[in-house]
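Listed below are the residues making up each chain.
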Amino acid sequence: MSVLLSLDLETGGLLADRHAILTVGAVAYQTATDQVLGEIELRIHPEDKDVDAEALAVNGIDIQSHIENSLSRDDAAKQLCDFVQPTWGRVRILGYNVNSFDIPFVRPWLGETAFRRKFQYRALDVMDLVMWLNHAKQIATGGMRLQQVAAHYSVDVGVAHSALSDAKTTLA
């Protein structure tokens, strides 16, 4: 079974070794049947990681409300790993800027062993494809932000900078 996991994070900043993962959104998609298998959104307590005001301004997260309704990092990691079903095999991650941003946060959070058990080595980064198509003048998205690319393809973005909404937009 070939399954893609469209993955997006909202974080407390740009540095994976310093800033917190605040939310994870993921949509599992079976390519052979063109079927969504499920979706998950996890709110994660920042614990000992930093959260910058600038990041909260971008993602619109109210940190106090978020903390009150969030999981521990370990519980959230377990839930994400449990969401990825063993019958799917090792899934391939799909995302927008996922190789440069999301995976550097996710790998150390889940741990290298858990990451390798659940996910294929190479991810599909839609941003790489969009950059190449823009450079080759095959498309003109007016910018590289996910919302600009989605608008180019008339895809409804839902709530911008919501992890689950962005994961759905990337999959669309």
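Just so it is clear, the model here is predicted, and its values are computed rather than measured.

Rules behind the numbers
- Along each chain, residues carry numbers from 1 onward, in the same order as the chain's sequence is written.
- Residues qualify for local features only when their pLDDT is at least 70, as the model is predicted, and side-chain atom pairs are given and counted only at 80 or more; totals for whole chains, interfaces and linings, by contrast, use all residues.
- Side-chain numbers here rest on the full set of heavy atoms in the structure, without hydrogens or water.
- pLDDT is a residue-level measure of predictor confidence that goes from 0 to 100.
- Here a strand is any run of E in DSSP of at least two residues, a helix any run of H or I of at least four, and the numbering for each starts at the N terminus.
- Here a Phe, Tyr or Trp ring, Trp counted by its six-membered ring, pairs with any other such ring whose centre lies within 6.5 Å, and the pair is stacked when the planes are under 30 degrees apart, edge-to-face when over 60, and tilted otherwise.
- Residues form patches when they are more than 30% accessible in relative terms and have no salt bridge. Like charges link within 9 Å. Nonpolar side chains (Val, Leu, Ile, Met, Phe, Trp, Tyr) link within 5 Å.
- For every accessible area listed, the method is Shrake-Rupley and the probe measures 1.4 Å; residues are considered covered only by the protein chains on display.
- The working definition used for a salt bridge is a side-chain nitrogen of Lys or Arg within 4 Å of a carboxyl oxygen of Asp or Glu.
- Charge assignment in this entry is limited to Lys and Arg as positive and Asp and Glu as negative, and neither His nor the chain termini are counted.
- The atoms used to mark charge sites are NZ of Lys, CZ of Arg, CG of Asp and CD of Glu.
- Relative accessibility under 20% of the residue-type maximum defines a buried residue, over 50% an exposed one, and the middle range a partly exposed one, all with a 1.4 Å probe and only protein chains included.

A. Region of interest: the confidence of the model for the protein chain. Residues with a pLDDT of 70 or more make up 99% of the protein chain, whose mean pLDDT is 93. Between the elements of the protein chain, mean pLDDT differs from a low of 86, seen in helix H7 (residues 146-152), to a high of 98, seen in strand E2 (residues 21-30).

B. Summary view of the packing of aromatic side chains. Here the structure, examined in full by the defined rule, presents three aromatic pairs. Taken together, a centroid distance of 5.0 Å and an interplanar angle of 50° make the contact between Phe-101 and Phe-105 tilted. Here Phe-105 and Phe-101 lie together in helix H4 (residues 98-110), a separation of four residues that amounts to about one turn. Judged by centre distance (5.1 Å) and plane angle (50°), the ring pair of Phe-115 and Phe-119 falls under tilted.

C. Region of the structure containing a negative patch on the surface. There is a patch of like negative charges on the surface, built from Glu-47, Asp-48, Asp-74 and Asp-75. Checked against the element boundaries, Glu-47 lands in the loop between strand E3 (35-43) and helix H1 (53-59). Taking relative accessible area as the criterion, Glu-47 reaches 41% and is therefore assigned partly exposed.

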